[in-house]
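Observations on the model geometry
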Amino acid sequence: MSTFKAGLEDIVALRSEICFIDGQKRQLVYRGYDISELVGKATFEEVVYLLWNGQLPAAAELERFKEQLAAEAALPEQLVDFLKASPKDAEPMAVLRTAVSALGLFDPDTSVQDREANRRKAARLLAKVPVIVAYNGRLREGKDPVPPKPELGLAANFLYMLHGREPGRMDAEVFDAALILHADHELNASTFTARVVTSTLSDVYSAVTAAIGALKGPLHGGANEQVMRTLLAIGEADRVDEWLEAALERKERIMGFGHRVYKTGDPRADYLRRFSQQLGEKRGETKWYEMSRRLEQLMYEKKGLYPNVDFYSASTYYMLGIPMELFTPIFAFSRVSGWTAHILEQLDDNRLIRPRAEYVGPRDQTFVPVDQR
């Protein structure tokens, strides 16, 4: 048998054309485009099109794609009723997981497995997931849901549905860029989960529901919420040193630092660091950025650890007025693009994903009847 690796670390499980990561060179590449070629230049919709099709869209293709997403945004009435009936204190990721599973009940293509049907399902999920997240966010606060505007892009529409007003240009552009940065990340836990489910020839909704379940775990998608709670607990920039010293003495894990793949720093953090600073300066409240910057410096000095994508996304989302409980559902909103890209790729040349386990239990046991044990 092959060599055992805990957590499948560095094990190559499949070949993919979607995403490339170079952990030493700090590179994240979508379909041959380094993220530096996309962030600030392309919109999230263009990047989704790239992930699904292998090329950036022409103007007419992009317009048709945006029209398709706008046409698919409305939620089934029964699903809106479910969101309204969900407990206000229910974990938003649990609500999202259940709602996405339920969406499959209303899709006429749910059990149709040809590529065009799966593309339609992917578009419906991408259009509807941000609506689910925004509606749930409003309902948790005792507010009525705000229906999406067809003329707005996915990023601006989400902020509009959440706050009930159209976002300013900077807010919309920052959030759009954040969605691009979270769109895909090779075989992370949730993407691998989606491909495993897909490999059984289950449906797209089952695969995405399973991926959401994986993302729900705090070791995968929940770190940015914990980072913001850490910053709130520290309170002020002049308390960072004291707080960190005490936390390290207690051997606490400091969320938002380190990465399984990136050994010299997460390139996505570079952009989110800048966004955090820009939003703080615009709002006249830079303390969250200043605290984050100091914590970053100390963690490198004391532990040699770099911030990952979760660290600065926390203060960025907080400055956009997004409740902390929605940070991970937003991750799912963005990552639906990558999950569905991998689902489509898996189905193009499918083979059941079935690894082996190294057995380390007892052998050659002899059965003893129950009255003799």
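The structure under discussion appears in the preceding block.
Residues numbered from 1 in each chain as written. Predicted model: local features only at pLDDT ≥ 70, side-chain atom pairs only at ≥ 80, totals over all residues. Heavy atoms only, no water.

1. Things to note about the pattern of salt bridges
Counted under the stated rule, the structure contains 26 salt bridges. Residue Glu17 is joined to Arg31 by a salt bridge in which the shortest nitrogen-to-oxygen separation is 3.9 Å. Here Glu17 is found in the segment before strand E1 (19–22), whereas its partner Arg31 is found in the loop between strand E2 (27–30) and strand E3 (33–34), with 14 residues between them in sequence. Since its relative accessible area comes to 63%, Glu17 is described here as exposed. Linking Arg293 and Glu296 is a salt bridge whose minimum nitrogen-to-oxygen distance equals 3.0 Å. One end of the pair is Arg293 and the other is Glu296, both in helix H13 (residues 287–303) and three residues apart, which spans about a single turn. In this structure Arg293 comes out as partly exposed when scored by relative accessible area, which is 29%. (Salt bridge = Lys/Arg side-chain N within 4 Å of Asp/Glu carboxyl O. Helix = DSSP H or I, 4+ residues; strand = E, 2+ residues; numbered from the N terminus. Buried < 20%, exposed > 50% of the residue type's maximum accessible area, 1.4 Å probe, protein only.)

2. Considering unusual backbone geometry
Both trends apply: most residues other than glycine have a negative phi, and most peptide bonds are in trans. Unusually for a residue other than glycine, Glu186 sits at a positive phi of about 55°. Following the sequence through the fold, Glu186 ends up in the loop between helix H7 (169–181) and helix H8 (189–199). For Asp364, which is not glycine, the phi dihedral falls at a positive 55°. As for its position among the elements, Asp364 is in the segment after helix H15 (327–348).

3. What about the environment of Glu151?
Secondary-structure assignment places Glu151 in the loop between helix H5 (115–140) and helix H6 (154–163). Spatially, the C-alpha atom of Glu151 lies 7.7 Å from that of Ala70, the residues being 81 residues apart in sequence.

4. A look at the environment of Trp288
Looking at the secondary structure, you find Trp288 in helix H13. Trp288 sits in the buried class, given a relative accessible area of 5%. As for Trp288 and Glu236, which are separated by 52 residues in sequence, their C-alpha atoms are 8.2 Å apart. What Trp288 contacts, discounting residues up to four positions off in sequence, is Met228, Leu231, Leu232, Ser315, Tyr318 and Met319. (Contact = heavy atoms within 4.5 Å.)

5. A short note on the packing of helix H1 (residues 44–53) against H7
Following both chains from N to C, one finds H1 and H7 inclined at 20°, their axes separated by 9 Å at the closest point. Viewed along their axes, H1 and H7 adopt a mutual orientation that is roughly parallel. Handedness of the H1/H7 crossing: left-handed. Contact residues: Phe44, Glu45 and Val47 in H1; Asp176, Leu179 and Ile180 in H7. Residues belonging to the contact of H1 with H7 are distributed by class as follows: four nonpolar, no polar and two charged. (Axes fitted to C-alpha atoms, helices over the stretch in contact; angles between N-to-C directions. Parallel < 35°, antiparallel > 145°, perpendicular 65-115°, else oblique. Left-handed = near helix turned anticlockwise from the far one by under 90°. Nonpolar A, V, L, I, M, F, W, Y, C, P; charged D, E, K, R; others polar.)

6. Brief notes about the pairing of E2
By the bridge criterion, four bridges tie E1 to E2 in an arrangement that is antiparallel. Bridging from a neighbouring strand, Cys19 pairs with Tyr30 of E2. Joining the antiparallel neighbours E1 and E2 is a turn of four residues, in which Arg26 adopts a positive phi near 60°. Where E2 lies against E3, two bridges are found, and the strand directions are antiparallel. Following the sheet pairing, Tyr30 is matched in E3 by Tyr33. With antiparallel pairing between neighbouring strands as the criterion, E2 and E3 make up a hairpin whose turn holds two residues, including Arg31 at a positive phi of roughly 50°. (Pairing = 2+ DSSP bridges.)

7. Structural notes on the packing of aromatic side chains
Within a pair of aromatic rings, the relevant descriptors are the distance that separates the centres and the angle that separates the planes. Using the criterion set out here, one finds 13 aromatic pairs in the structure. With a centroid separation of 4.6 Å and an interplanar angle of 50°, the aromatic rings of Phe257 and Phe311 are classed as tilted. Of the two residues, Phe257 sits in the loop between helix H11 (240–249) and helix H12 (267–283) while Phe311 sits in helix H14 (residues 309–319), which places them 54 residues apart along the sequence. Among the residues examined, Phe257 registers a relative accessible area of 6% and is labelled buried. Every member of this aromatic cluster is reached through a ring pair, and the members are Phe44, Phe158, Phe175, Tyr317, Phe327 and Phe333. (Phe/Tyr/Trp six-rings, centres within 6.5 Å; stacked < 30°, edge-to-face > 60°.)

8. Notes on helix H3 (residues 77–85)
Listed in full, the buried residues belonging to H3 are Leu79, Val80 and Leu83. The buried residues of H3 occupy an angular sector of 105° when projected down its axis, which confines them to one face. With respect to the buried face of H3, the exposed residues turned more than 90 degrees away are Glu77 and Ala85. (Arc of directions from axis to C-beta.)

9. As for the side chain of Thr209
Considering the arrangement of structural elements, one finds Thr209 in helix H9 (residues 204–215). From its side chain, Thr209 meets the backbone oxygen of Tyr205 in a polar contact 2.7 Å long. Beyond its immediate stretch of four places on either side in the chain, Thr209 contacts Arg97, Val100 and Ser101. (Polar contact = N/O pair within 3.5 Å; in protein donor to acceptor, adjacent residues only side chain to side chain.)

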